[in-house]
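If you want the building blocks of each chain, they are given just below.
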Amino acid sequence: NLNRSGMKQRCPAATPVGPAVLRGYKLCFKRYADIVPADGAQVVGAEWEVSSACLRALDAFEGEEYGKVTVTVEHDGQTVDA
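About the thresholds
Residues numbered from 1 in each chain as written. Predicted model: local features only at pLDDT ≥ 70, side-chain atom pairs only at ≥ 80, totals over all residues. Heavy atoms only, no water. Buried < 20%, exposed > 50% of the residue type's maximum accessible area, 1.4 Å probe, protein only. Helix = DSSP H or I, 4+ residues; strand = E, 2+ residues; numbered from the N terminus. Pairing = 2+ DSSP bridges. Salt bridge = Lys/Arg side-chain N within 4 Å of Asp/Glu carboxyl O. Phe/Tyr/Trp six-rings, centres within 6.5 Å; stacked < 30°, edge-to-face > 60°. Lys NZ or Arg CZ within 6 Å of the ring centre and 35° of its normal.

What to know about the pairing of strand E3 (residues 72-75)
Alternating residues of E3 divide into Val 73 and His 75, all buried, and Thr 72 and Glu 74, none buried. Pairing analysis gives four bridges linking E3 to strand E4 (residues 78-81), with the strands arranged antiparallel. Looking at E4, one finds that Val 73 is bridged to Val 80. Counting the residues that bridge the hairpin from E3 to E4 gives two residues, and of these Asp 76 lies at a positive phi of roughly 50 degrees.

Listed below in structure tokens is the structure:
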């Protein structure tokens, strides 16, 4: 989520880590802002440190149609599962 004020409302304990790059995916707008696998593509976003309570709040905000997947992103030369 790139909206800091929205994240502050939904997840006050979340801490922004910084920009992150997701390689091998592209951003598309089917019905929502989605990511889909795409060779040679990349999505630039933000990495946040969140608690389990924050994840529950985000899940509730996004609703039942929202799906989660684990991906590997790059931040400051390091890779992180997100």
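Notes on the pattern of salt bridges
Taken as a whole and assessed by the stated rule, the structure comprises two salt bridges. One salt bridge in this structure joins Glu 74 and Arg 23, with 2.9 Å as the shortest N-O distance. With Glu 74 in strand E3 and Arg 23 in strand E1 (residues 15-29), the pair connects residues that are 51 residues apart, well separated along the chain. A salt bridge links Lys 68 to Asp 59; its shortest N-O distance comes to 3.0 Å.

Topic: the packing of aromatic side chains
Enumeration according to the criterion identifies zero aromatic pairs in this entry. In this structure, Arg 10 packs its charged tip against the face of Phe 61, placed 3.8 Å from the ring centre.

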